[in-house]
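Per-entry structural report
The primary structure of each chain is shown beneath.
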2 protein chains.
Amino acid sequence: MEESQHEWSLAEQQLAREIFDRAYEREITALVKDVRTRSSTLERIEDLWQLHDFLSAKRHEIDGKYDYQYSVLLFVFARLVRDGWLHLNELEQLNTDKLSKIKALTRM
Amino acid sequence: MEESQHEWSLAEQQLAREIFDRAYEREITALVKDVRTRSSTLERIEDLWQLHDFLSAKRHEIDGKYDYQYSVLLFVFARLVRDGWLHLNELEQLNTDKLSKIKALTRM
């Protein structure tokens, strides 16, 4: 399932970068909004540490998930589709083989 | 400089607990307010991780600082005075010896 950079045409590389950045932007925008909402209801020390735990988990998740390497990019896209940050139709301009692999991975 | 529990009269123990809890309540109330203010201006991912770093540091600091053991309580009170969460005049009902030690520690 792994792909190396030479299996991505220049057009696909450019497209992949755009899709990747778009998903990242969407997730971060939603996360910032979520944290602002959570913070507006903070009252007790437990609420602060719960927010801290939430941010720790999100930071770890996002640092790990947004890994722009061609060798793992199909997995990354599949996860972003599963998590709702990308739609499969945004990936339709990738070649058929890659799209099939992504679709298969999203069902795992 | 260390004190054990038997060097604290029952009245002093009760007073110490009240003073300790009051300082904690003050610091936490201010911290919750501070975090709500910081959160209201969150915009970018860097702001989120800055908030996360801030909460990590505060959690570590508060967990370490509010250590209610008679053997270290004079140090704790001195630090709370230095940090502005207690005023020396709130400690005046402790015996003179303890108050002198706390005063000396606040100048360190």
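Residues numbered from 1 in each chain as written. Chains lettered and ligands numbered in written order. Predicted model: local features only at pLDDT ≥ 70, side-chain atom pairs only at ≥ 80, totals over all residues. Heavy atoms only, no water.

Bringing the environment of Arg79(A) into the picture now. All names here are of chain A. Tracing the backbone through its elements, the reader meets Arg79 in helix 3 (residues 73-82). For Arg79, a relative accessible area of 30% translates into the label partly exposed. Expressed as a C-alpha distance, the spacing of Arg79 and Lys65, which sit 14 residues apart in the sequence, is 8.3 Å. (Helix = DSSP H or I, 4+ residues; strand = E, 2+ residues; numbered from the N terminus. Buried < 20%, exposed > 50% of the residue type's maximum accessible area, 1.4 Å probe, protein only.)

The next thing to look at is the side chain of Asp47(A). All names here are of chain A. Position of Asp47 relative to the elements: it lies in helix 2 (residues 45-65). A polar contact of 2.8 Å, which involves the side chain of Asp47, links it to the backbone nitrogen of Arg44. With sequence-adjacent residues up to four places away left out, Asp47 is seen in contact with Thr41 and Leu42. (Polar contact = N/O pair within 3.5 Å; in protein donor to acceptor, adjacent residues only side chain to side chain. Contact = heavy atoms within 4.5 Å.)

Moving on, we get to the interface of chain B and chain A. The interface is formed by 23 residues belonging to chain B together with 23 residues belonging to chain A. The junction of chain B with chain A conceals about 2000 Å² of combined surface from both sides, 67% of it contributed by carbon and sulfur atoms. On the chain B side of the contact with chain A, Trp49(B), His52(B) and Arg59(B) bury the most area, a combined 31% of that side's loss. Where chain B packs against chain A, one counts two salt bridges. Residue Asp53(B) pairs with Arg59(A) through a salt bridge whose shortest N-O separation is 2.8 Å. When contributions to the side of chain B that touches chain A are tallied by element, the ones reaching two or more residues are helix 1 (10-40) and helix 2 (45-65) of chain B. When residues in the side of chain B that touches chain A are grouped by element, the largest group, eleven residues, is from helix 2 of chain B. Considering only residue class, the side of chain B that touches chain A consists of twelve nonpolar, five polar and six charged. (Buried area = accessible area lost by both parts, 1.4 Å probe. Salt bridge = Lys/Arg side-chain N within 4 Å of Asp/Glu carboxyl O. Nonpolar A, V, L, I, M, F, W, Y, C, P; charged D, E, K, R; others polar.)

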